[in-house]
Every structure is written in structure tokens, then in C-alpha cells.
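# Structural overview for review
Chain by chain, the residues run as shown.
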Amino acid sequence: MSGRIRSDERSSTMGYLKEHWFWWAVTLGALTPLALLGWRAANGDLGVDPVNTINNLSGRAAMIVLLLSLACTPLNTIFGLRRALTVRKSLGLIAFVYASLHLVNFIGLDYGFDFGLIFQDAVLDKPYILAGGAALLILIPLAITSTRGWMKRLGRNWKRLHRLVYAACVLVVLHFLWQAKAAEREEPLIYAGVLALLLLVRTPPVRRWLVAHRTRLVGPKLPRVQTMPQTKPIKQSGD
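A few points on the structure. As the structure is a computational prediction, the values presented were derived from the model and not from experiment.

Looking only at helices and strands, the protein has 12 helices and 0 strands in total. Walking the protein from its N terminus toward its C terminus, one meets helices and strands in the order α-α-α-α-α-α-α-α-α-α-α-α. A total of 239 residues make up the protein; the buried ones form 28% of that total. Sequence separation of at least 24 residues holds for 64% of the intrachain contacts in the protein that already meet a minimum separation of 6. Element-wise, carbon and sulfur atoms account for 64% of the exposed surface of the protein, whose accessible area totals about 16700 Å².

Structure, rendered in C-alpha cells:
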């Protein structure tokens, strides 16, 4: 009996992994920078300037993961990769975690919770702080309302609210671009180009063109084979 139970559990686990492997792979991949940061911190390997190390890693991770969440819909539109839609929410939440870590590092370790100095720098000297802060303020309600319960409560307004992620992405890229030195502008410009492409494929004319030419881009989908249900043979009167 116990052997049968273990067999059923193993079959159930394999079925779950077969169904959700993509979600686990993408989610664990997106969390890898956080795990590496924790490992480096535990081993005292954050370099001579730990604040700058945490700042750079968390900021880049937040931006990359946020752009990946924005890429899920185009991947489905262009390539028919419906699995990409299953990781969109988790990527958005992970991006919010990185952005929050970025903020805590900035406020606590970099400025020592001196909000007067932060305000002075943000308003007078460093506008990229305003851009980054505005992006995080946008991400907060998006993270809170990411559950199915909030989707039901907000109805159609849920989609309208979550379209603000486009503004958050623009602000994040501006934040990175404005704080980079002239000799380091190449990297943020690459992210800006990726964002521009992701926004372009969402415009109705481009989206309609991509959907119409999907077959040419990825090839025709194989039709599903219809299987006839098995029926019991009808007994003849002579049997």
C-alpha cells in the first residue's frame, strides 16, 4: 500500500514539474542575482565599497527583470509562447523586490537615513533620484494589486492601473541614464533601445502586422490530432 502511495506521489510531482517547469526555471533564474548577493555578503566579498556593489547589482537586476516582465506579452504575440504569460507576474514582483533593496541600500547605507540631504540632492543636484523614486512609487500599487483578488475587485480598472508599468520602465531607464557618466552611457542606451522595441511591438499597427506574419516568422502550427473515443463493440444477436 505504501509503495502505491509513493508511486502516486512521484507521479503527481512529475506531473507538476512537467506543467510548471518554465515558471520555476525563469523565477529561479531571476532570483539568482539576489542569491549571489547574499552569498557574497555572507562571505564578506562585496569589495572595498559594499554600498556601491549592492547599489549596482540591485539596480541592474531591477531594470533587467522589469524589462523581462515587459517582454512576456511580445513573446506570446510574436512566437506564440503562451508560457511566457505565466511568469509575467512573478517577474514583476521580483523586479519590485530588487527595486526595494536598491532603495533601502540608497537611503540607509548610502545616506544614513538623512532625508534632508536626500531631498536636497534630489531636488537640486541629482534629478535621477526623483526618477528612481517615482518609478518605485508606481511599482508599489502594482505589486500590491497583483493578486487575483485585486483583479476581481478592480475589474477593468486593473488593466488600466497596470499599464503604468510602461511609465515605470521609462523612469527606471532615465534613472540609469541620468546617473551614468558620459563614458558609461553605452549600457543605459542599450536598455533604452530594448525598452523602445518592447513598447513599439505593443502599438496596434505593429502588433497586428506581427500577428498576421507569425506563420512566416515561426512556421505554421501543427494541427492537433483528433482522437476518436473508444467505444465498446456492440454485441450481435448471434453472439
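Inspection of the secondary structure assignment puts Arg-202 in the loop between helix H10 (186-200) and helix H11 (204-212). For Arg-202, which is buried and forms no salt bridge, the nearest opposite charge comes from Glu-187, at a distance of 21 Å. Here Tyr-166 takes part through its side chain, which lies 3.0 Å from a polar atom of the side chain of Arg-202. Apart from the residues within four sequence positions on either side, Arg-202 is in contact with Leu-70, Thr-73, Pro-74, Tyr-166 and Arg-207.

As a further point, take a nonpolar patch on the surface. On the surface, Met-14, Leu-17, Trp-24 and Leu-28 cluster together into a nonpolar patch covering about 400 Å² of accessible area. Classification of Met-14 as exposed rests on a relative accessible area of 52%.

Bringing helix H2 (residues 50-79) into the picture now. Here H2 is 30 residues long and its end C-alpha atoms lie 41 Å apart, about the 44 Å a rise of 1.5 Å per residue gives. Where H2 bends most, at Ala-71, the angle is about 30°, and the proline Pro-74 comes one to four residues later. Gly-80 occupies a position one or two residues after H2 and carries a positive phi of about 70°.

Together, Arg-88, Arg-156, Lys-159, Arg-160 and Arg-163 give the surface a local cluster of positive charge. Ranked by residue count, the leading element in the positive patch is helix H8 (residues 156-162), at 3 residues. Here Arg-156 lies in helix H8. Judged by relative accessible area, Arg-156 falls into the exposed class, the value being 73%.

Counting 32 residues, the largest nonpolar core has Met-63, Val-65 and Leu-66 as its most contacted members. Of all the secondary structure elements, the ones that give two or more residues to this core are helix H1 (2-42), H2, helix H4 (88-110), helix H6 (127-144), helix H9 (165-179) and H10. Top contributing element to this core by residue count: H2, with 9 residues.

With that settled, consider the pattern of salt bridges. Counting across every chain of the model gives 1 salt bridge. When the shortest N-O distance is used, the salt bridge between Arg-60 and Glu-187 registers 2.9 Å. With a gap of 127 residues between them, Arg-60 in helix H2 and Glu-187 in helix H10 connect regions that are remote in the sequence.

Here the structure, examined in full by the defined rule, presents 4 aromatic pairs. Look at Trp-21 and Phe-22: their rings are 5.7 Å apart centre to centre, the planes differ by 90°, and that puts the pair in the edge-to-face class. Residue classification places Phe-22 among the buried positions, given a relative accessible area of 18%. Arranged with centres 5.0 Å apart and planes meeting at 90°, the rings of Trp-23 and Trp-24 form a pair that is edge-to-face.

What counts, and where the lines are drawn
Residues numbered from 1 in each chain as written. Predicted model: local features only at pLDDT ≥ 70, side-chain atom pairs only at ≥ 80, totals over all residues. Heavy atoms only, no water. Helix = DSSP H or I, 4+ residues; strand = E, 2+ residues; numbered from the N terminus. Buried < 20%, exposed > 50% of the residue type's maximum accessible area, 1.4 Å probe, protein only. Contact = heavy atoms within 4.5 Å. Areas by Shrake-Rupley, 256 points an atom, 1.4 Å probe, with all protein chains shown as cover. Lys, Arg positive; Asp, Glu negative; His and termini not counted. Salt bridge = Lys/Arg side-chain N within 4 Å of Asp/Glu carboxyl O. Polar contact = N/O pair within 3.5 Å; in protein donor to acceptor, adjacent residues only side chain to side chain. Patch = residues over 30% accessible without salt bridge, like charges linked within 9 Å, V, L, I, M, F, W, Y side chains within 5 Å. Expected span 1.5 Å × (residues − 1). Bend = angle between axes of the 7 residues up to and from the residue. Charge placed at Lys NZ, Arg CZ, Asp CG, Glu CD. Core = buried A, V, L, I, M, F, W, Y, C linked by side-chain atoms within 4.5 Å. Phe/Tyr/Trp six-rings, centres within 6.5 Å; stacked < 30°, edge-to-face > 60°.

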